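Spelled out from the first residue to the last, the chains are:
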Amino acid sequence: MTVFEPRIVGFLCGWCAYEGADAAGRARKTYPAHLRIVRVLCSGRVDPQFVLEAFRQGADGVMILGCHPGECHYKEGNLQALKMTAILKKLLGQCGIQEERLRLDWVAAGEYGKLVKIVGEMVEKVKSLGPLRLREDGGGINSALTRH
Amino acid sequence: MSDLSQLKTLSRGKKPKIALCWCSSCGGCEESVFDLAEELVDIMAVTDIVFWPAALDAKYQDVAALADGEITATLVNGAIRMEHQEEMARLLRRKSQWLIAHGACAHLGGVVGLANFHGSADLLNRAYQEIPTVHHPAGICPFGEAPDGAGQVGKRGFYETVLPLNRMVAVDFYIPGCPPPPELVKEGLMMVLEQRLPPAGTILGKRQALCQSCPRRGSLPETLRLKEFSRMHQVTWDAAACFLAQGIICLGPATRGGCQARCLQGNMPCRGCFGPLDLVRDQGAKSLSFLASLADSADPEDLQRFADSIPDPGGLFYQFSLAASLLKGKADDQKNNH
């Protein structure tokens with residue numbers, strides 16, 4: 001049996017968490033290669049469609065990493081991400097996707113230690129949850145769709 | 001009908017053939033055609049309706065006997081859930097020059113698409129076993145295996161997932177709504193009859209959100225912040241004011257306009273039946289996004305209360321579009337709990 005290596009998509013704020021990931025590199029710290037980073041201008045820019053699209057394209061987990069509350073470059077974009085995530089997690093639960101597959105957290109530009117830690121935690125969490133399989137256009141009983 | 005004279009000129013040659021078909025839907029879209037009333041008579045005078053199960057006695061074979069492309073336009077309402085619906089959709093696609101998705105179910109999966117929150121086995125079990133008013137000791141399900149091993153009970157397939165029409169066949173344009181307003185159905189038919197067809201993939205209705213044409217628009221404040229949402233039975237509402245301003249969820253900001261704000265005029269908030277605006281991939285995500293932005297506090301407790309005041313986000317945000325959404329419904333539980 002092959003080992004499950006999850007795919008994690010990370011939306012990282014360019015003002016803080018993305019810099020944090022850069023800092024981790026400069027400090028020769030490693031974090032799991034399961035994380036595929038998408039740099040965004042602000043965590044508040046992360047539309048719930050981005051998260052759902054990431055899951056649809058094969059992500060097993062999604063991280064949104066923004067600035068600590070009070071430190072947003074655009075004043076409250078990160079709080080917007082927080083509000084959006086609160087409802088999105090509820091929606092994901094209804095769609096059979098465990099809430100832990102979406103993680104919102106705060107990482108300052110210098111906090112590469114925290115970045116390394118939480119990415120590691122996320123990978124372990126998603127490994128324990130296993131691969132995510134979404135609903136596909138498939139047939140059911142007697143289905144012509146499943147036959148071909 | 002004001003445009004009838006023009007129609008008569010058009011029909012001087014051969015009458016265009018029209019078909020209407022009903023897949024997985026409630027029949028409300030058929031009503032939207034009958035609601036054309038006298039105008040329907042005018043339309044029937046200048047067209048040749050070759051197939052319309054709700055009104056005419058034409059059969060599958062009658063359609064199959066036509067040449068490919070012989071039908072000028074077919075209106076299909078309803079989502080695709082059953083094998084025979086797929087068969088009809090494919091047949092009508094082949095026989096028609098223009099295939100029009102008629103109503104929210106054909107357009108986005110509609111209310112019937114909410115079935116995608118469940119597996120097909122659960123749905124059948126619920127319908128034929130668990131419903132309290134069902135007494136059915138033999139436990140025979142009309143789909144799948146017979147309980148005594150006698151083979152297949154039903155001939156026709158019941159699909160695991162409800163699909164909007166365009167995931168089965170190519171659709172030329174869409175008449176949105178649950179049901180579509182008769183005016184929009186007429187507009188769709190006139191487009192066909194006058195041969196002024198819109199670009200492929202066009203969704204009739206407006207390209208702006210419902211709010212833009214809402215009669216209550218004047219009472220929407222510049223900035224809106226809410227501690228929580230109320231449901232209609234919990235508050236005394238002002239029948240002339242914006243629902244959102246009163247703390248009642250209305251999906252107008254994330255919904256295509258063009259419905260003449262029928263629900264709003266009947267004092268009901270918008271539930272999104274016209275679907276998302278152009279360039280929006282997932283209507284529910286957009287509804288979620290704008291509603292979340294109304295929360296007035298990011299304090300965890302306040303936010304929890306805010307989220308709790310939307311008891312069924314999935315059913316609300318995707319009331320008409322779950323089958324067309326990015327997630328398409330509930331993920332496969334059995335596969336996820338391996």
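Fair warning: this is a prediction, and the values are worked out from it, not measured in the lab.

Conventions adopted
- Residues numbered from 1 in each chain as written.
- Chains lettered and ligands numbered in written order.
- Predicted model: local features only at pLDDT ≥ 70, side-chain atom pairs only at ≥ 80, totals over all residues.
- Helix = DSSP H or I, 4+ residues; strand = E, 2+ residues; numbered from the N terminus.
- Rg over C-alpha atoms; globule rule 2.2 N^0.38 Å.
- Buried ≥ 20, exposed ≤ 12 C-beta atoms within 10 Å, placed from the backbone.
- Pairing = 2+ DSSP bridges.
- Contact = placed C-beta atoms within 7 Å.
- Axes fitted to C-alpha atoms, helices over the stretch in contact; angles between N-to-C directions.
- pLDDT = per-residue confidence, 0-100.
- Nonpolar A, V, L, I, M, F, W, Y, C, P; charged D, E, K, R; others polar.
- Core = buried A, V, L, I, M, F, W, Y, C linked by C-beta atoms within 7 Å.

It is worth spelling out the overall build of chain B at this point. Secondary structure assignment for chain B yields 13 helices and eight strands. A compact globule built from 338 residues should have a C-alpha radius of gyration of about 20 Å, and chain B, at 22 Å, falls within 12% of that. Along the three orthogonal principal directions, the C-alpha set of chain B runs to about 70 × 60 × 35 Å. By residue count, 43% of the 338 residues in chain B fall in the buried class.

On to the sheet that holds strand β3 (residues 71-77) of chain B. Residue and element names in this part refer to chain B. With respect to topology, six strands assemble into an open sheet ordered β2-β1-β3-β5-β7-β8, the strand pairing being parallel. The outermost strands of the open sheet, each flanked by one partner alone, are β2 (48-51) and β8 (202-203). Pairing of strand β7 (residues 173-175) with β8 involves two bridges; the strand directions are parallel. Following the sheet pairing, F173 is matched in β8 by T202. Packed on one face of the sheet, helix α5 (residues 83-95) meets β1 (17-22), β3 and β5 (96-102) and runs near 135° to β5.

Three- or four-residue spacings in an α-helix give side chains the same orientation, since the helix completes a turn every 3.6 residues. Residues P48, Q49, V51, L52, A54 and F55 of chain A constitute the buried set of helix α2 (residues 48-56) of chain A. In the stretch just after α2 of chain A, G58 of chain A is the one whose phi turns positive, near 115°.

The next subject is the sheet that holds strand β1 (residues 8-13) of chain A. All names here are of chain A. With respect to topology, four strands assemble into an open sheet ordered β2-β1-β3-β4, the strand pairing being parallel. Across the chains shown, the open sheet's two edge strands, defined by having one partner strand only, are β2 (35-40) and β4 (102-106). Strand-to-strand twist across the sheet, computed as the mean angle between neighbouring axes with direction ignored, equals 20°. As judged from the six bridges shared by β1 and β2, these two strands associate in the parallel manner. Bridging from a neighbouring strand, V9 pairs with R36 of β2. Its contacts with the sheet place helix α3 (residues 77-94) against β3 (61-66) and β4, and it is angled at close to 160° to β4.

What follows covers the confidence of the model for chain B. Detailed reading of the predicted coordinates is not advisable wherever pLDDT is low. Confidence in the prediction for chain B averages 90 pLDDT; 91% of positions are at 70 or higher. On the interface metric, ipTM, the complex scores 0.90, and its pTM is 0.91.

Quick look at the interface of chain B and chain A now. On the chain A side, the residues contacting the 41 residues of chain B number 36 residues. Breaking the side of chain B that touches chain A down by element, the ones donating at least two residues are α5, β6 (158-163), α10 (283-292), α11 (300-308), α12 (313-317) and α13 (333-336) of chain B. Class assignment for the residues of the side of chain B that touches chain A results in 19 nonpolar, eleven polar and eleven charged.

Here the focus is the nonpolar core. In this structure, C13, F55 and I87 of chain A together with V76 of chain B are the most contacted members of the largest nonpolar core, which totals 129 residues. If you tally residues by element for this core, the top one is α3 of chain A, at nine residues. If we skip the residues at most four places from it in the chain, F55 of chain A touches V62, I97, L132 and L134 of chain A together with L327 of chain B.

All names here are of chain B. Among the seven residues in β5, five count as buried, and that is most of the element. Sheet topology note: the β5/β7 ladder contains three bridges and is parallel. What sits directly across from I100, in β7, is F173.

Right, let's talk about the confidence of the model for chain A for a bit. Of the residues in chain A, 92% have a pLDDT of 70 or more, and the chain-wide mean is 92. Considering only residues more than four positions removed or in separate chains, one finds that residues 139-148 of chain A, a stretch of pLDDT under 50, has 30 contacts.

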